[in-house]
Amino acid sequence: MSLNRPTICILGCGTMGVAIIRGTLDSMESDSKIISGVTASRDDDRQCGQEELLRPAGFIACVSHEESANKLRKVLGDHARVLHGEAGNVQGVSGADVILLCTKPQVAKAVLSAPGIKEALTDKLLVSICAGVTIEQLQSWTTPTTTVIRAMPNTPCKIREGMTVLSCGPNTAAQYLTFTSKIFSTLGRCRILDEKHLDAVTALAGSGPAFACVMLEALADGGVMMGLPRDVATELAAQVLQGAARMVLTTGDHPAAIKDSVTTPGGCTIAGLLTMEDGRIRSTLARTIQEAATVASTLGRDKKPQNDE
Ligand SMILES: NC(=O)C1=CN([C@@H]2O[C@H](COP(=O)(O)OP(=O)(O)OC[C@H]3O[C@@H](n4cnc5c(N)ncnc54)[C@H](OP(=O)(O)O)[C@@H]3O)[C@@H](O)[C@H]2O)C=CC1
Ligand SMILES: O=C(O)[C@@H]1CCC=N1
């Protein structure tokens, strides 16, 4: 297996698969601009040694339906070889060094158990992003010759602002974890945590962009209510959330300290904050994560038929 210039197969190339390919292609484009002396788009690109860069030899994107394959070819152009159906999966896995399992959790078992897949995965790295599907399950659907790592990324990987958490079994060789970190560090931030945290991670980071966009939309609605044009309100809300989030990440300050620094005694911010508290926004958001994590923990389980007593 070549981890130096690997061929990467995305087994189930939908929303997340495309986000991962797009983010990687974008990083390769900005890396080549740095190397050729053109201004870099991101500071961390400049800090990254060339040996650290992820340079896949190519992508293979597998989907279920021919119609999806045709759509995907238009989206990805020459950047990936697109295959479909069971035969496509075997061909894709056979032709790759590293396989990213990006199907819905409910079909992961069937996809990995299909004829020819176990053999095609021999001596390869399988990284699953399927919510709720455990390392133990993945190992039981493959042979011991396949190295299994679990990842939980999110859609901002598409613009290299992703947050990914990785988990692996105790016997995983360091080179595989290092390589997987490299894939997802290229697409944003990446951390390694014990698998027991992955349902909470799925809720907070995996589902988080959806929750954040509801908050963003609601803030913009408030601006519209007070007369701002919709596009202006959306821009302001998005930049405010980005600015506040970047302050937390770059200064390391506690969010409460940043909130206090905005809040003038007797001013308009405290008036707004009390309204938020009246609406129980903190417990609503915290319970949102709790509920999403609870559901995430069930996603890898076999569903019982509805009429099963
Ligand atoms: N969406 C998100 O924000 C996040 C999702 N995840 C996880 O990522 C995974 C994918 O989610 P998402 O990208 O949203 O899902 P999508 O539905 O967008 O993509 C799933 C893909 O799997 C393909 N597929 C289905 N069955 C098969 C099969 N038998 N063989 C090959 N390919 C198949 C589908 O092809 P076709 O279109 O032809 O049916 C489709 O391209 C899930 O497990 C989810 O838990 C993790 C983090 C964030
Ligand atoms: O909603 C879901 O189940 C997936 C997992 C995290 C984000 N989307």
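Residues numbered from 1 in each chain as written. Chains lettered and ligands numbered in written order. Predicted model: local features only at pLDDT ≥ 70, side-chain atom pairs only at ≥ 80, totals over all residues. Heavy atoms only, no water.

### Some words on the pairing of strand 4 (residues 98-101)
Both faces of strand 4 are covered, namely the face carrying Val 98 and Leu 100 and the face carrying Ile 99 and Leu 101. Sheet topology note: the strand 1 (residues 7-11)/strand 4 ladder contains four bridges and is parallel. Across the sheet, residue Ile 8 finds its bridge partner in strand 4, namely Val 98. (Buried < 20%, exposed > 50% of the residue type's maximum accessible area, 1.4 Å probe, protein only. Helix = DSSP H or I, 4+ residues; strand = E, 2+ residues; numbered from the N terminus. Pairing = 2+ DSSP bridges.)

### Some points on the nonpolar core
If you look at the biggest cluster of nonpolar residues, it comprises 34 residues, and the most contacted ones within it are Ile 10, Cys 13, Leu 72, Leu 100 and Phe 184. With residues up to four places along the chain from it excluded, the contact list for Leu 72 reads Cys 13, Val 18, Ala 61, Val 63, Gly 77 and Val 82. Leu 83, Ala 96, Ile 99 and Leu 101 belong to the second-largest nonpolar core, a separate cluster that totals 23 residues. (Core = buried A, V, L, I, M, F, W, Y, C linked by side-chain atoms within 4.5 Å. Contact = heavy atoms within 4.5 Å.)

### Section: the pairing of strand 1
Most of strand 1 is tucked away, with five of its five residues classed as buried. Where burial is concerned, the two faces of strand 1 agree: the one with Thr 7, Cys 9 and Leu 11 and the one with Ile 8 and Ile 10 are both buried. Sheet topology note: the strand 1/strand 2 (residues 58-63) ladder contains five bridges and is parallel. If you follow Ile 10 over to strand 2, its bridge partner there is Ala 61.

### Section: the layout of surface pockets
Of the volumes computed, that of the second largest pocket is approximately 1000 Å³. Along the wall of the second largest pocket there are 38 residues; nearest its centre are Met 16, Cys 102, Thr 103, Lys 104 and Pro 105. Within the residue set of the lining of the second largest pocket, elements represented by two or more residues are helix 1 (15-35), strand 2, helix 4 (85-94), helix 5 (105-113), helix 9 (198-206), helix 10 (208-225) and helix 14 (281-296). Per-element accounting of the lining of the second largest pocket gives the leading share, four residues, to helix 5. Two domains each put at least three residues into the lining of the second largest pocket: domain 1 (7-38 + 45-195) and domain 2 (207-297). (1 Å grid on protein atoms, 1.4 Å probe; cavity = no way out; pocket = protein on both sides within 12 Å on 5 of 7 lines; lining within 4 Å. Points joined across faces, edges and corners; volume = space filled by probe spheres on them. Domains from an automatic or database assignment.)

### Focus: the site of ligand 2
Close to ligand 2 lie Ala 131, Thr 202, Gly 206, Ser 207 and Leu 299. Alone, ligand 2 offers 240 Å² of accessible surface; in the complex the protein occludes 48% of this. Cavity membership is defined here by more than half of the atoms lying within 2 Å of grid points; on that basis ligand 2 lies in the second largest pocket. Taken together, the residues of the shell around ligand 2 sort by class into two nonpolar, three polar and no charged. (Near = heavy atom within 4 Å. Areas by Shrake-Rupley, 256 points an atom, 1.4 Å probe, with all protein chains shown as cover. Sits in = over half its atoms within 2 Å of the grid points. Nonpolar A, V, L, I, M, F, W, Y, C, P; charged D, E, K, R; others polar.)

### Description of the sheet that holds strand 3 (residues 80-84)
Spatially, the eight strands line up as an open sheet ordered 3-2-1-4-5-6-7-8, and their pairing is mixed. Two strands lie at the open edges of the sheet, namely strand 3 and strand 8 (188-192), each paired on one side alone. Strand-to-strand, the axes of this sheet are offset by a mean angle of 25°, without reference to chain direction. Here four bridges tie strand 6 (residues 147-152) to strand 7 (residues 162-168), and the two strands are oriented antiparallel to one another. Counterpart to Ile 149 in the pairing with strand 7 is Cys 168. (Axes fitted to C-alpha atoms, helices over the stretch in contact; angles between N-to-C directions.)

### Thoughts on the environment of Pro 209
Its place among the elements puts Pro 209 in helix 10. Note: C-alpha distance between Pro 209 and Val 248 (39 residues apart in sequence) is 17 Å. Leaving out residues up to four positions away in the same chain, Pro 209 has contacts with Asn 154, Thr 155 and Pro 156.

### Some thoughts on the UniProt feature "domain: Pyrroline-5-carboxylate reductase dimerisation" (unreviewed entry) in the protein
Annotation from UniProt places "domain: Pyrroline-5-carboxylate reductase dimerisation" (unreviewed entry) at residues 195-297. As a span, residues 195-297 carries 82% helix and 0% strand, and end to end its C-alpha atoms are 11 Å apart. (UniProt positions renumbered as here; feature names shortened; annotations may be inferred.)

### Here's the deal with helix 8 (residues 174-185)
For helix 8, with twelve residues, the first-to-last C-alpha span of 16 Å sits near the 16 Å given by 1.5 Å per residue. Taken residue by residue, helix 8 has Tyr 176, Leu 177, Phe 179, Thr 180, Ser 181, Ile 183 and Phe 184 as its buried positions. (Expected span 1.5 Å × (residues − 1).)

### Let's talk about the site of ligand 1
Close contacts around ligand 1 come from 22 residues, with Thr 15, Met 16, His 65, Ser 68 and Thr 103 the closest. In the complex, the protein chains occlude 78% of the 900 Å² of accessible area that ligand 1 would expose alone. Taking a 2 Å distance to the grid points as the criterion, the majority of the atoms of ligand 1 fall inside the second largest pocket. Elements represented by at least two residues in the shell around ligand 1 include exactly helix 1, strand 2 and helix 5. Here the residues of the shell around ligand 1 sort into twelve nonpolar, nine polar and one charged.

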